[in-house]
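Okay, here's what each chain looks like letter by letter:
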There are 2 protein chains.
Amino acid sequence: MSDHKATVIDGKAIAQTIRSEIATEVRRLSETYGKVPGLAVVIVGNRKDSESYVNMKRKACAEVGIKSVDTNLPEDVSETELICRVHYLNVNPDVHGILVQLPLPKHINEEKVLTEIALEKDVDGFHPMNIGKLAMKGREPLFVPCTPKGCVELLKRSGITIKGKKAVVVGRSNIVGLPVTLLLLKEDATVTVVHSGTKEPESIIREADIIIAAVGQAMMVTIASPCPYCLHNECN
Amino acid sequence: MSDHKATVIDGKAIAQTIRSEIATEVRRLSETYGKVPGLAVVIVGNRKDSESYVNMKRKACAEVGIKSVDTNLPEDVSETELICRVHYLNVNPDVHGILVQLPLPKHINEEKVLTEIALEKDVDGFHPMNIGKLAMKGREPLFVPCTPKGCVELLKRSGITIKGKKAVVVGRSNIVGLPVTLLLLKEDATVTVVHSGTKEPESIIREADIIIAAVGQAMMVTIASPCPYCLHNECN
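Since the structure is predicted, the reported quantities are computational estimates derived from the model, not experimental observations.

### Description of the confidence of the model for chain A
Here is step 1 of the chain: On average, residues of chain A carry a pLDDT of 90, and 89% of them reach 70 or more.
Here is step 2 of the chain: Counting contacts from residues 224-236 of chain A, a segment whose pLDDT is below 50, to residues more than four positions away or on other chains yields 16 contacts.

Shown next as structure tokens:
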């Protein structure tokens with residue numbers, strides 16, 4: 001029974017290790033080539049959640065020595081001007097990565113804006129070309145979306161083998177569910193995608209070795225009526 | 001128990017219906033615009049299986065009135081010359097679709113060649129940009145790979161609802177397994193991908209409402225020890 005006991009993954013500790021590794025890399029880059037990596041973070045409007053994400057990203061940059069290039073645009077910026085700013089960042093040699101914080105205001109076509117980001121600066125990995133390469137065997141995207149990459153990294157750094165495991169991904173968003181599914185497939189997991197159209201998701205989730213809950217709703221993943229004796233529902 | 005009886009899908013009859021629909025469309029196009037669709041089929045070398053596939057494609061074109069533009073190249077054609085031929089077809093206004101028959105000889109980089117096909121003529125749908133859009137919610141590829149599209153079309157035209165069904169895809173090749181997985185997800189199936197790294201694939205396959213066997217091996221999908229009484233293994 002001991003192999004069924006839950007282990008809490010200490011994400012904060014792993015993140016701290018990764019950050020210090022990145023800080024070392026950044027220092028080496030700047031000592032060797034006299035260049036520091038630059039990340040442009042573009043935010044439109046004043047959504048509180050977006051501002052908080054963006055601030056976390058800018059703070060994380062500062063901590064590891066990445067130069068953050070801020071672009072704050074008003075809520076009513078036109079699509080044309082936003083695209084123009086993206087083009088400007090595309091050619092700016094001090095900018096090596098561009099993040100456009102989502103969601104964008106309704107009058108702006110997200111797809112159009114994201115497709116304008118130069119492929120080699122698409123650090124979010126949301127360009128269809130990068131998603132396509134993430135999906136395809138034998139191809140490698142230039143960048144992998146960060147939350148899915150983080151999930152897999154947490155598993156690996158916690159000593160969890162992904163290969164051969166039954167993985168269930170709950171949700172199929174372009175930002176998390178879909179790319180994490182593609183990543184887990186590349187890692188040789190047997191992957192099932194559960195979503196709003198799935199009948200009896202609990203019975204599928206219960207069979208999983210690895211569950212990635214990628215829906216913006218707490219308590220979406222629960223184990224139905226856990227048995228008080230065996231604790232891992234095999235008797236259900 | 002009657003709903004567990006197998007129904008054999010008559011693929012040939014459905015194909016014939018689709019072909020006559022396409023023939024009508026092609027006729028209308030040529031009457032209205034004086035243009036017939038042109039499909040370039042490129043084959044390198046003399047592989048028997050490739051020749052047979054290509055002949056079937058050319059025959060199917062003739063049957064529906066699509067103009068087939070043949071490019072047969074010798075086994076030892078250089079990568080540069082092959083790409084040059086693709087570029088020529090890209091700009092040929094009589095060619096609306098380009099198929100490069102796979103596999104290519106070992107000295108040619110398949111990825112490089114396929115990426116050179118103009119997106120708007122990538123009728124195989126294998127360009128990472130088309131695969132990426134096939135994968136992403138809210139995006140539509142210009143073309144969907146034909147075998148996966150055929151699988152879904154066969155199900156639909158046989159009156160089988162995909163939405164909410166448990167689908168299991170066996171295999172994850174770029175050509176069939178991966179794109180059919182992405183298509184079934186878009187059709188709101190709950191999809192599991194089973195592959196060479198899957199432990200106990202039978203137990204997963206047995207739970208499926210829809211099984212797509214996409215590995216080049218007969219008898220890969222079997223129902224383990226079928227019960228002679230209920231015939232559908234629910235008693236196992």
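Picking up after the structure, the text goes on.
### So, the interface of chain A and chain B
Here is step 1 of the chain: Residue-level contacts link 35 residues of chain A with 34 residues of chain B.
Here is step 2 of the chain: When the two sides are added together, the surface that chain A and chain B hide from each other amounts to roughly 3,100 Å², 58% of it contributed by carbon and sulfur.
Here is step 3 of the chain: In this structure, the connection of chain A to chain B is made through 4 salt bridges.
Here is step 4 of the chain: Residues Glu 111 of chain A and Arg 139 of chain B are paired through a salt bridge, measuring 3.6 Å at the closest nitrogen-oxygen approach.
Here is step 5 of the chain: Inspection of the region where chain A meets chain B yields 13 residue pairs in polar contact (both at pLDDT 80 or more).
Here is step 6 of the chain: Sorting the residues of the side of chain A that touches chain B by element identifies helix H4 (110-116), helix H5 (128-135), helix H7 (177-186) and strand S5 (190-194) of chain A as the ones contributing at least two each.

### Concerning the sheet that holds strand S5 (residues 190-194) of chain B
Here is step 1 of the chain: Judged by pairing direction, the sheet is mixed, and its 6 strands sit side by side in the order S6(A)-S4(A)-S5(A)-S5(B)-S4(B)-S6(B) without closing on themselves. The two strands at the open ends of the sheet, each matched to only one other strand, are strand S6 (210-213) of chain A together with strand S6 (210-213) of chain B. Across this sheet, the average inter-strand angle for adjacent strands is 15°, counted without regard to direction.
Here is step 2 of the chain: Pairing geometry for strand S4 (residues 166-170) of chain B and S5 of chain B, over 5 bridges, is parallel. Its bridge partner lying in S5 of chain B, Ala 167 of chain B is registered against Val 191 of chain B.

### Overview of the relation of the copies chain A and chain B
Here is step 1 of the chain: You can overlay chain A on chain B at an RMSD of 0.0 Å; the transform is a turn of 180° with a shift of 0.0 Å along its axis. In short, the pair behaves as if placed about a two-fold rotation axis.
Here is step 2 of the chain: A share of 97% of the interface residues of chain A reappears at the interface of chain B, consistent with the copies meeting face to face through the same patch.

### Brief notes about the side chain of His 195 of chain A
Here is step 1 of the chain: Along the chain, the position of His 195 of chain A falls in the loop between S5 and helix H8 (201-205).
Here is step 2 of the chain: Side chain to side chain, His 195 of chain A and Arg 172 of chain A meet in a polar contact 3.5 Å long.
Here is step 3 of the chain: Not counting residues within four places of it along the chain, the set of residues in contact with His 195 of chain A comprises Arg 172 of chain A together with Leu 185, Asp 188, Ala 189 and Thr 190 of chain B.

### A look at the sheet that holds strand S3 (residues 97-100) of chain B
Residue and element names in this part refer to chain B.
Here is step 1 of the chain: One open sheet holds the 3 strands; their spatial order is S2-S1-S3, and the pairing between them is parallel. Strand pairing shows two members of the sheet lacking a second neighbour, strand S2 (67-73) and S3, which therefore form its edges. Along the sheet, successive strands turn relative to each other by an average axial angle of 15°, direction set aside.
Here is step 2 of the chain: With 7 bridges joining them, strand S1 (residues 38-44) and S2 adopt parallel strand pairing. When the bridges of S2 are listed, Val 42 appears paired with Thr 71.
Here is step 3 of the chain: On top of the sheet, helix H2 (residues 48-64) reaches S1, S2 and S3; it is set at about 165° to S1, its chief contact.
Here is step 4 of the chain: Sheet strands in contact with helix H3 (residues 79-91) are S1, S2 and S3, and its direction is about 165° off that of S2.

### Thoughts on H2 of chain B
Residue pairs three or four apart in sequence face the same way in an α-helix, which turns once every 3.6 residues.
Residues and elements named next belong to chain B.
Here is step 1 of the chain: Taking 1.5 Å of rise per residue, the 17 residues of H2 would be expected to cover 24 Å, and the 25 Å separating its terminal C-alpha atoms lies within 8% of that figure.
Here is step 2 of the chain: Ser 50, Val 54, Arg 58, Ala 60, Cys 61 and Val 64 are the residues of H2 that are buried. Projected down its long axis, H2 shows its buried positions confined to an angular sector of 160°, all on one face. Exposed and facing more than 90 degrees away from the buried side of H2 are Lys 48, Met 56, Lys 59 and Ala 62.
Here is step 3 of the chain: The secondary structure elements touched by the buried residues of H2 are helix H1 (11-33), S1 and S2.
Here is step 4 of the chain: Just downstream of H2, Gly 65 is the residue with a positive phi angle, here 90°.

Thresholds applied
- Residues numbered from 1 in each chain as written.
- Chains lettered and ligands numbered in written order.
- Predicted model: local features only at pLDDT ≥ 70, side-chain atom pairs only at ≥ 80, totals over all residues.
- Heavy atoms only, no water.
- pLDDT = per-residue confidence, 0-100.
- Contact = heavy atoms within 4.5 Å.
- Buried area = accessible area lost by both parts, 1.4 Å probe.
- Salt bridge = Lys/Arg side-chain N within 4 Å of Asp/Glu carboxyl O.
- Polar contact = N/O pair within 3.5 Å; in protein donor to acceptor, adjacent residues only side chain to side chain.
- Helix = DSSP H or I, 4+ residues; strand = E, 2+ residues; numbered from the N terminus.
- Pairing = 2+ DSSP bridges.
- Axes fitted to C-alpha atoms, helices over the stretch in contact; angles between N-to-C directions.
- Least-squares fit on C-alpha atoms with pLDDT ≥ 70 in both.
- Expected span 1.5 Å × (residues − 1).
- Buried < 20%, exposed > 50% of the residue type's maximum accessible area, 1.4 Å probe, protein only.
- Arc of directions from axis to C-beta.

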